[in-house]
Amino acid sequence: MSITAPTEQRTTSTKMQRKVLLGGSIGQFVEFYDFTLYGLSAVILSEYFFPDGDRITGLLVIFATFGVAFVMRPLGGLFFGALGDKVGRRQTLTITIFLVGACTALIGILPGFDTIGWFAPILLILARLGQGFSAGGESVGGPSFVYEHAPIAKRGLWINITLAATALPSVFAGGLILLLSTVMSDASFDSWGWRVPFLLALPLSAVGLWIRSKTDESELFKKTAAERPKEFSPIRESFRENWVGMLQVFFVLGVTALGFYMLSAYFVTYIQTTGDLSREQSLLTNAIAMASYTIFLPIAGHLGDRFGRRPMLIAGAILLAVTSVPAFGLVTSGHMGLAFLGQTIFVLALCCYGGGCYTFFCERFSTKTRFTSAAISYNISYAALGGTAPFVGTWLVDITGVNTAPGYYMAAAAAVCLVLIFVTRLPETRGRLG
């Protein structure tokens, strides 16, 4: 059972703890680089891997394949979560970071539809399935590893530094695509230049592997592993002991999954197709917005350490419910400055919510089944709401003719979550021990 930590717990960190923080951040960077890159490249991928057709149909198809990877995330979470709870976080994360990088690099060498016909989209989908399977373990294992090493009084800050790395790929990938598309001719970029960012995933994964090789399991995990029975099933115990917590993590993370993938994987295309800005303008405004996310999220994590996870969740859900529609209206205004302002408003609300949700999903479960319980609920949530965000956003605009329709969707999700926080009596988890 979890208990509250005494006030004299250390807030300082060791060299090993800082290595874990760096390794966890790089792992999150690589995972979200791979996923974000796919969303940012949606327009050219739809033209390269699928037959000619109208623009909206092509985007819907590519965003459907974007969601395919999320179908595999719960299965990957189930597999790697159980593995991580049994053999350890470090060994499991070694596998996940390599696999996600290799699958992304594979996309960079695939021939297109004009060369191999329908084998092109089939191979693309297989690569996306591999990405999703490995990300199902990396997305939860990395933060859990950091959480178990972090000073108790700074867990919110440390977790949110780790998760802030999920926004940097949008800045890096967006900036790289912007640079390549600017210095290269359109013909060269469309022919081979778009492949370069995908191929970079492999060396990025190698860096993450090297840093993680210098880390070790936390004392908390070692103690738990030594005390558990030999006949131990993380999956069975998760569903038997943690089903209420898993439901709470599902709806809490559903909001941030929807918001983050709207921002990181949909907005660039959304601004181009609905706001009528150029690819370069869309990439630039989104890259600046994602850079601000990396600054504000750790600040929100620090506030969560001070005021608690539950108050941050409530405040963030209210902000998202109130500001999403006007923010999306600014994003699609057709004016570059207003598009950036709309994204900044959305980022501030999303980061406030993130000040509670990210640490909550680790703290809600004990060390014995943390990886499995969190991975199942986290990945189902991200599959249901995160993976479908670009597709649903595009579809809502198409069928309603209302540019801000995705904003109403976001606001409704936040409002439902706010109600569920009170109805399910979501607990305060700040300061719990494993």
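Cut-offs applied
- All chains use their own residue numbering, which begins from 1 and follows the written sequence.
- For a predicted model such as this one, the threshold for reporting local features is a pLDDT of at least 70, and the threshold for listing and counting side-chain atom pairs is 80 or more; totals across whole chains, interfaces and linings nevertheless cover every residue.
- As a convention, hydrogens and water are excluded, and side-chain values are obtained from all of the structure's heavy atoms.
- Here, a salt bridge means any side-chain nitrogen of Lys or Arg that lies within 4 Å of a carboxyl oxygen of Asp or Glu.
- Strands are runs of DSSP state E lasting at least two residues, helices are runs of H or I lasting at least four, and both sets are numbered from the N terminus onward.
- Working definition: a ring pair exists when centres of Phe, Tyr or Trp rings (six-membered ring for Trp) sit within 6.5 Å. Plane angles under 30 degrees give stacked, over 60 give edge-to-face, the rest tilted.
- Accessible area is worked out with a 1.4 Å probe on protein chains only. A residue is then buried under 20% of its type maximum, exposed over 50%, and partly exposed in between.
- For a ring to carry a charge above it, either NZ of a lysine or CZ of an arginine must fall within 6 Å of the ring centroid while also lying within 35 degrees of the normal to the ring plane.
- Expected span of a helix, by definition, is 1.5 Å for each gap between consecutive residues, and there is one gap fewer than residues.
- To get the bend at a residue, fit one axis to the 7 residues ending there and another to the 7 starting there, then take the angle between the axes.
- Exposure above 30% relative accessible area and the absence of a salt bridge qualify a residue for a patch, where like charges join within 9 Å and nonpolar side chains (Val, Leu, Ile, Met, Phe, Trp, Tyr) within 5 Å.
- Computed with the Shrake-Rupley method and a 1.4 Å probe, the accessible areas treat only the protein chains shown as cover for residues.
- Polar contact criterion, stated in full: a pair of N or O atoms within 3.5 Å, where within protein one must be able to donate a hydrogen and the other to accept it, and residues adjacent in sequence count only if both atoms are side-chain atoms.
- By definition in these notes, contact holds between two residues if any of their heavy atoms fall within 4.5 Å.
- His is not counted, nor are the chain ends; Lys and Arg add positive charge and Asp and Glu add negative charge.
- By convention, charge coordinates are those of NZ in Lys, CZ in Arg, CG in Asp, or CD in Glu.
- Working convention: axes come from line fits to C-alpha atoms, limited for helices to the stretch in contact. Angles between N-to-C directions cover 0 to 180 degrees.
- Roughly parallel refers to an angle under 35 degrees, roughly antiparallel to one over 145, roughly perpendicular to one between 65 and 115, and oblique to any angle outside these ranges.
- For any pair of crossing helices, the crossing counts as left-handed if the nearer helix is rotated counterclockwise from the farther one by less than a right angle, and right-handed if it is rotated clockwise.
- Just so you know the grouping, Ala, Val, Leu, Ile, Met, Phe, Trp, Tyr, Cys and Pro go in nonpolar, Asp, Glu, Lys and Arg go in charged, and all remaining residues, Gly too, go in polar.
- Take the buried residues of types Ala, Val, Leu, Ile, Met, Phe, Trp, Tyr and Cys, join any two whose side-chain atoms come within 4.5 Å, and each joined set is a nonpolar core.

Visitor: So what's going on with the pattern of salt bridges? Residues and values would help.
Guide: Here the structure, examined in full by the defined rule, presents 12 salt bridges. Glu148 serves as the salt-bridge partner of Arg89, at 2.6 Å between the closest nitrogen and oxygen. Within this pair, whereas Arg89 is found in helix 4 (residues 89-107), its partner Glu148 is found in helix 6 (residues 119-149), the two being separated by 59 residues in sequence. One salt bridge in this structure joins Arg370 and Glu148, with 2.7 Å as the shortest N-O distance.

Visitor: Tell me about the packing of aromatic side chains, and name the residues and values.
Guide: The tally for this structure, following the rule as stated, stands at 21 aromatic pairs. Their ring planes at 25 degrees and their centres at 5.7 Å tell us that Phe267 and Tyr270 sit as a pair that is stacked. Within this pair, Phe267 and its partner Tyr270 are both found in helix 14 (residues 243-274), separated by three residues, close to a single helical turn. For Tyr270, a relative accessible area of 0% corresponds to the buried category. Both rings, one in Phe267 and one in Phe346, keep their centres 5.8 Å apart while their planes meet at 40 degrees; by these two values the pair is tilted. Of this pair, Phe267 sits in helix 14 while Phe346 sits in helix 17 (residues 336-363); the two residues are 79 residues apart in sequence, bridging distant segments of the chain. For the pair Phe267 and Phe346, one class covers both residues: buried. Connected via pairs of aromatic rings, a cluster forms that spans Phe32, Phe70, Phe260, Tyr261, Tyr293, Phe361, Tyr378 and Tyr382. It is Arg155 that lies over the ring of Tyr147; its NZ or CZ is 4.2 Å from the centre.

Visitor: I'd like a rundown of the environment of Leu168, residues and numbers included.
Guide: With respect to the secondary-structure elements, Leu168 resides in helix 8 (residues 168-183). You can call Leu168 partly exposed: its relative accessible area is 38%. Separated by 122 residues in the primary sequence, Leu168 and Met290 place their C-alpha atoms 6.8 Å from one another.

Visitor: Outline helix 17, supporting the account with residue identities and numerical values.
Guide: For helix 17, spanning 28 residues, the distance from its first C-alpha to its last is 40 Å, which sits close to the expected 40 Å at 1.5 Å a residue. Along helix 17, the sharpest change in direction is near 40 degrees and occurs at Gly354. In terms of residue burial, helix 17 counts as a mostly covered element, since 21 of its 28 residues are buried.

Visitor: So, a nonpolar patch on the surface: which residues are in play, and what are the values?
Guide: Taken together, Trp118, Phe119, Ile122, Leu123 and Leu126 make up a surface patch of nonpolar side chains, about 550 Å² in accessible area. Following the sequence through the fold, Ile122 ends up in helix 6. Overall, Ile122 belongs to the partly exposed group, its relative accessible area being 46%.

Visitor: Would you mind going over the side chain of Asp85 in detail, with residue names and values included?
Guide: Mapped onto the fold, Asp85 is located in helix 3 (residues 55-87). For Asp85, a relative accessible area of 0% puts it in the buried group. Within polar-contact distance, the side chain of Asp85 engages the side chain of Thr372 at 2.6 Å. For Asp85, the contacting residues outside a window of four places in its chain are Phe221, Arg228, Phe232, Pro234, Thr367, Lys368, Thr369, Arg370, Phe371 and Thr372.

Visitor: An account of the environment of Gly386 is needed here, citing residue identities and associated values.
Guide: Along the chain, Gly386 falls in helix 18 (residues 370-386). Along the sequence, Gly386 and Phe260 sit 126 residues apart, while their C-alpha atoms lie 7.4 Å from each other. Contacts of Gly386, omitting those with residues within four sequence positions, involve Phe66, Phe70, Ala257, Leu258, Tyr261 and Ser381.

Visitor: Give me a negative patch on the surface: which residues, what numbers.
Guide: Negative charge collects at one region of the surface, where Glu47, Asp52, Asp114, Asp186 and Asp190 lie side by side. Its location among the elements puts Asp190 in helix 9 (residues 186-193). Looking at Asp190, the relative accessible area reads 37%, which means it is partly exposed.

Visitor: Run through the packing of helix 15 (residues 279-307) against helix 17, naming residues and quoting values.
Guide: Packing of helix 15 against helix 17 brings their axes to within 8 Å, and their N-to-C directions diverge by 25 degrees. Regarding the angle of helix 15 to helix 17, the classification is roughly parallel. In the packing of helix 15 onto helix 17, the handedness of the crossing is right-handed. Here the contact of helix 15 with helix 17 is composed, by residue class, of 15 nonpolar, nine polar and no charged.

Visitor: Lay out the nonpolar core with the relevant residues and their values.
Guide: Nonpolar side chains tend to gather and get buried jointly when the protein is soluble and globular. Counting 108 residues, the largest nonpolar core has Tyr261 and Tyr293 as the members making the most contacts within it. At 18 residues, the largest contribution of residues to this core is made by helix 14. With residues near it in sequence (within four places) discarded, Tyr261 still touches Phe32, Phe35, Phe66, Phe70, Arg73, Tyr266, Tyr382, Gly386, Ala389 and Pro390. Membership of the second largest hydrophobic core comes to five residues, among which are Ile26, Val30, Ile97 and Val100.

Visitor: Could you give an account of the side chain of Asn286, with specific residues and numbers?
Guide: Positionally, Asn286 belongs in helix 15. On the accessibility criterion, Asn286 (1% relative accessible area) is buried. Here the side chain of Asn286 touches Leu263 through a polar contact of 2.9 Å, landing on its backbone oxygen. Each residue touching Asn286, except ones within four places of it in the same chain, is listed here: Leu40, Ser170, Leu263, Ser264, Phe267, Val268 and Gln343.

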